[in-house]
Every structure is written in structure tokens, then in C-alpha cells.
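Topology and contacts: notes
Residue strings, one per chain:
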Amino acid sequence: MSVAAVREDGPRGEAGPAPLLKVRDLSVSFGRLTVVDGVSFEVAEGRTLAIVGESGCGKSVSALALTRLLPRGARADVSELTLAGEDLANASEQRMEALRGSAIGMIFQEPMTALNPVITIGTQIVETLMRHERLPRRAARERAQNLLTRVGIPDAAQRLDEYPHQLSGGMRQRVMIAIAIACGPKLLIADEPTTALDVTIQAQILELLRTLQAELGMALVLITHDLGVVSAVADDVVVMYAGRIVEEAPAETLFRKPCHPYTRGLIASLPPADADLPRLQAIPGIVPPPSAWPPGCRFAPRCAYAADVCRSAMPPLAPAPSGGRAACVRLDVVLAEEMA
Ligand SMILES: Nc1ncnc2c1ncn2[C@@H]1O[C@H](COP(=O)(O)OP(=O)(O)O)[C@@H](O)[C@H]1O
Ligand SMILES: [Mg+2]
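Residues numbered from 1 in each chain as written. Chains lettered and ligands numbered in written order. Predicted model: local features only at pLDDT ≥ 70, side-chain atom pairs only at ≥ 80, totals over all residues. Heavy atoms only, no water.

Each helix and strand counted, the chain has 14 helices and 13 strands in total. Taken against the 2.2 N^0.38 rule, which gives 20 Å for 340 residues, the C-alpha radius of gyration of the chain at 20 Å falls within 12% of a compact globule. Projecting the C-alpha coordinates of the chain onto the three principal axes gives extents of approximately 65 × 50 × 40 Å. Buried positions account for 49% of the 340 residues belonging to the chain. In the chain, the share of contacts with a sequence separation of at least 24, taken over all contacts with a separation of at least 6, comes to 65%. Looking at the chain as shown, the accessible area adds up to about 15700 Å², and 52% of this sits on carbon and sulfur atoms. Between the averaged position of the 34 positive side-chain charges in the chain and that of its 38 negative side-chain charges there is a distance of 5 Å. (Helix = DSSP H or I, 4+ residues; strand = E, 2+ residues; numbered from the N terminus. Rg over C-alpha atoms; globule rule 2.2 N^0.38 Å. Buried < 20%, exposed > 50% of the residue type's maximum accessible area, 1.4 Å probe, protein only. Contact = heavy atoms within 4.5 Å. Areas by Shrake-Rupley, 256 points an atom, 1.4 Å probe, with all protein chains shown as cover. Lys, Arg positive; Asp, Glu negative; His and termini not counted. Charge placed at Lys NZ, Arg CZ, Asp CG, Glu CD.)

If you want it as C-alpha cells, here you go:
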């Protein structure tokens, strides 16, 4: 199943497979500070949803909430959180532990912090397999070696006995991917999986994720601040700004017809195809911290189109020409203007 084939069944999976992951009205707060504010999305089986936005928009906190791995002091509220129909919001901690690493695989930005530095790569994979698949040690070791080969690690048998620090960053991320897919998850959540890597390695890791996803039929939630990554792999895109979704659309139409000024700014800031041209700094300012979110549209202070109406009421997500929905009440003005 290629990405192109997956895309054929149209926006929002209308004719496509049933939703695997459903998230409705997810909010997360630390004390009295809300950092994720009413986020909803779905991911169909075998599809890739990208969640994109600048640093601090609430992407990682949302991902942690999906797997119920939020740090102490955080509180999540959600009206629906289901995986293949199973209620995750009210599942026992024991059940969640069983699901993490089996039905749900996870990859994070910095593999060195996720891998145990004093345990060999092999033992870390073997233990995952023994715990979740109840494989005997020998069979688990064999499987671990196959997994390393599958994620593109040469000399897998030898690598099994090495420690994380003996591997390059790209190889460590491949090990993390091997662990994440070890038990054949239905859903893989990858939070900035290529951000810490060199550009050439980034492309290889993305290609690996894409291949594995197609082979294993996994759904993928790919979190990134980099829209360039999104265009390479996503079927559907959710754009987050300051704890909310500001636009959601099929990837193809989002890039062809971005609507929300924030999405348009992100696209305009992508590096030009001609590397000698300067990269535009299309969005002035920075994402405000949750303690400084303005009333009304949170993007208004950085938006060239903002009017009084934007500063008084929070714009709802409404159908937009991007083929999805956008949270902007000034779309007619925005869309009347050619993108820079
Ligand atoms: N442990 C924490 N305690 C308090 N605030 C946090 C904590 N983790 C994240 N936040 C806040 O939540 C917001 C969203 O963070 P995050 O989800 O990491 O953003 P992103 O992944 O989009 O860069 C940020 O304002 C961040 O400061
Ligand atoms: Mg993050």
C-alpha cells in the first residue's frame, strides 16, 4: 500500500477504512494553566496523520495524553479517546501498560533518553518482546536480530551486543523504531522522530517509517514542527497553534490551498527549492506561552489580517477551501490575497 494509494480514498477517509484512533475534545492542564485546549482528530487504519506547529503549541503534550504518559501534575480531560473501539480514557493503568509497546508503538525525538544507556540494544529489544509477546529469550533474540535488519542496521547480530552510546544518532533512532514496531502495533506515534538528526539521515528515517508503515499496515501519528516532513509522508494534517487546532485538511489540498494565515505562514517559511535563495521569515514574533494567550484568536497578535473581531471571540473550526476546516473568521480577506 503506497501513500499515493492510501490518499485515493479521499479527504477524511470518507470512503476509507474505519477510524482506528478517535480523540474528541482533548484538553490538558498543568495546575490552572491549560496548554492543550479542546483538540479533536481521528486517524484511520493505515493512514498517516501529521500534527504540525511551532515549538510550544502542545503537540508533545497531546501525544503523551493519547498514551496516558503525561508527567505528574498534568491533568487530561477528553470526551472520547478510543483505539479500535477500546476506551483508553478509562482503561486501567495495567491495560495501558500492556497496550504501550504492543498495540501502540512510540518513538520520541531523542533516542538517547529513551534507551537505557547501561543495557545492550539486544537486551532492550529482547525484553520488550519477552514482556509483550511472551517469547522465550532465544526466540526473542532471533526476532530482535531480524528487527534490526529490518530497520536497516547492518551487522545486526553484532549490534545486538552493543550499548546505545556505541551507535550514531541515526542508528539509535533505528533501534527505537525497531523497539516501537517489535510487537506489530496498530498505531505508531512518532514525536519529532527526525528533529535531532542530520538532514540526510532525516530523509532516510522518514523513508524507513513510510516503508514500515505500508508493510505493517500501521496508522502513524507523526508530530513535527517541520512542514517539509509533512509533505513527504502525511495523508492528513492537523495544524496546531497555542494549544488549539487552527486548520485540518488532507495533506495534498493543504499544500495546494492553505487557508489559515498560520498555515500559510508555515508554508511560506519552508526553505525554497533553490538553496541559494534566503528562507523567508514569514511569521513575525513567537508562540506565546499558555500564561500569555490572548483572548479571541491566539494567532491574532502575529497575523497580518487580524481585525477587531479576531481579538474578541475565539474563531471556531469551519469548513474551508483547503478541503478541511480552518479556524479563521477572515478567510475571505486572506484567500483574496496571493501567497508570498
Ligand atoms: N511538565 C510541564 N509542566 C508545565 N508545563 C509544561 C510541561 N510540559 C509542557 N508544558 C507546557 O505545555 C505547552 C506545550 O508543550 P509541548 O506539548 O511540549 O509543545 P510542542 O511539543 O508543540 O513543542 C508549552 O507551553 C510547555 O511549556
Ligand atoms: Mg514537542
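Now that the structure is up, let's keep going.
As a further point, take the packing of aromatic side chains. Enumeration according to the criterion identifies three aromatic pairs in this entry. Taking the centre distance of 5.1 Å and the plane angle of 80° together, the rings of Y241 and F299 count as edge-to-face. One end of the pair, Y241, is in strand β10 (residues 236-241); the other, F299, is in the loop between α12 (261-268) and α13 (308-312), with 58 residues separating them in the sequence. Per residue, the accessibility class of Y241 equals that of F299, and both read buried. Taken together, the ring pairs connect Y241, Y262 and F299 into an aromatic cluster. (Phe/Tyr/Trp six-rings, centres within 6.5 Å; stacked < 30°, edge-to-face > 60°.)

Turning our eyes to something else, we now look at the pairing of strand β11 (residues 244-250). For β11, the tally of buried residues reaches six of seven residues, placing the bulk of the element in the interior. The pairing of β10 with β11 spans six bridges and is antiparallel. Residue pairing for β11: D236 is matched across the bridge by P250. (Pairing = 2+ DSSP bridges.)

Here we come to the sheet that holds strand β3 (residues 48-52). Taking strand neighbours across the sheet as the criterion, the eight strands line up as β7-β8-β9-β3-β10-β11-β13-β12 in an open arrangement whose pairing is mixed. Here the strands that pair on one side only, and so sit at the sheet edges, are β7 (104-107) and β12 (318-319). Against the sheet, α12 touches β10 and β11, its axis set at about 105° to β10. (Axes fitted to C-alpha atoms, helices over the stretch in contact; angles between N-to-C directions.)

So, on to the site of ligand 1. Close to ligand 1 lie F30, V35, E54, S55, G56, C57, G58, K59, S60, V61, P71 and P290, which account for all nearby residues. At 2.6 Å, a backbone N or O of G56 approaches an oxygen atom of ligand 1. Within the contact set of ligand 1, an oxygen atom lies 2.8 Å away from a side-chain nitrogen or oxygen of K59. Within the complex, the protein chains bury 62% of what would otherwise be the 560 Å² of accessible surface of ligand 1. For the shell around ligand 1, the element with the most residues is helix α2 (residues 59-66), which contributes three residues. When grouped by side-chain class, the residues that make up the shell around ligand 1 number six nonpolar, four polar and two charged. (Near = heavy atom within 4 Å. Polar contact = N/O pair within 3.5 Å; in protein donor to acceptor, adjacent residues only side chain to side chain. Nonpolar A, V, L, I, M, F, W, Y, C, P; charged D, E, K, R; others polar.)

Note on soluble globular proteins: their nonpolar side chains tend to be buried together. Judged by nonpolar contacts, the single largest core of 66 residues is most densely connected at L21, F41, I104, L187 and Y262. For L187, the residues in contact, after removing those within four places along its chain, are L20, L21, L83, A103, I104, G105, A219 and V221. Ranked by size, the runner-up nonpolar core spans 38 residues in total, among them A140, I181, L208 and L222. (Core = buried A, V, L, I, M, F, W, Y, C linked by side-chain atoms within 4.5 Å.)

Two numbers describe how helix α8 (residues 169-181) lies on helix α9 (residues 199-216): the axes approach to 10 Å, and their chain directions differ by 15°. Regarding the angle of α8 to α9, the classification is roughly parallel. The element α8 and its partner α9 pack so that their crossing is right-handed. Only I201, Q204, I205, L208, L209, L212 and L216 of α9 make contact with α8, whose side of the interface consists of G170, Q173, R174, I177 and I181. In terms of residue class, the contact of α8 with α9 is made up of eight nonpolar, three polar and one charged. (Parallel < 35°, antiparallel > 145°, perpendicular 65-115°, else oblique. Left-handed = near helix turned anticlockwise from the far one by under 90°.)

Within the secondary structure, K59 is located in helix α2. For the buried K59, no salt bridge exists, and the shortest N-O distance to an oppositely charged side chain is 4.1 Å, to E192. At 2.8 Å, the side chain of K59 and the backbone oxygen of G53 are in polar contact. If we skip the residues at most four places from it in the chain, K59 touches I51, V52, G53, E54, E192, I223, T224, H225 and M240. (Salt bridge = Lys/Arg side-chain N within 4 Å of Asp/Glu carboxyl O.)

Time to look at unusual backbone geometry. Residues other than glycine seldom take positive phi values, yet A84 does so here, at roughly 50°. On the secondary structure map, A84 appears in the loop between β5 (80-83) and β6 (86-87).

Here the focus is the pattern of salt bridges. Applying the stated rule across the entire model yields 18 salt bridges. Close ionic contact of E93 with R100 constitutes a salt bridge, the shortest N to O distance being 3.2 Å. A relative accessible area of 11% means that R100 is categorised as buried. Taken together, the shared-partner salt bridges connect R24, E42 and E80 into one network.

Looking at the secondary structure, you find M171 in helix α8. Excluding residues within four positions of it along the chain, M171 makes contact with G152, I153 and P154.

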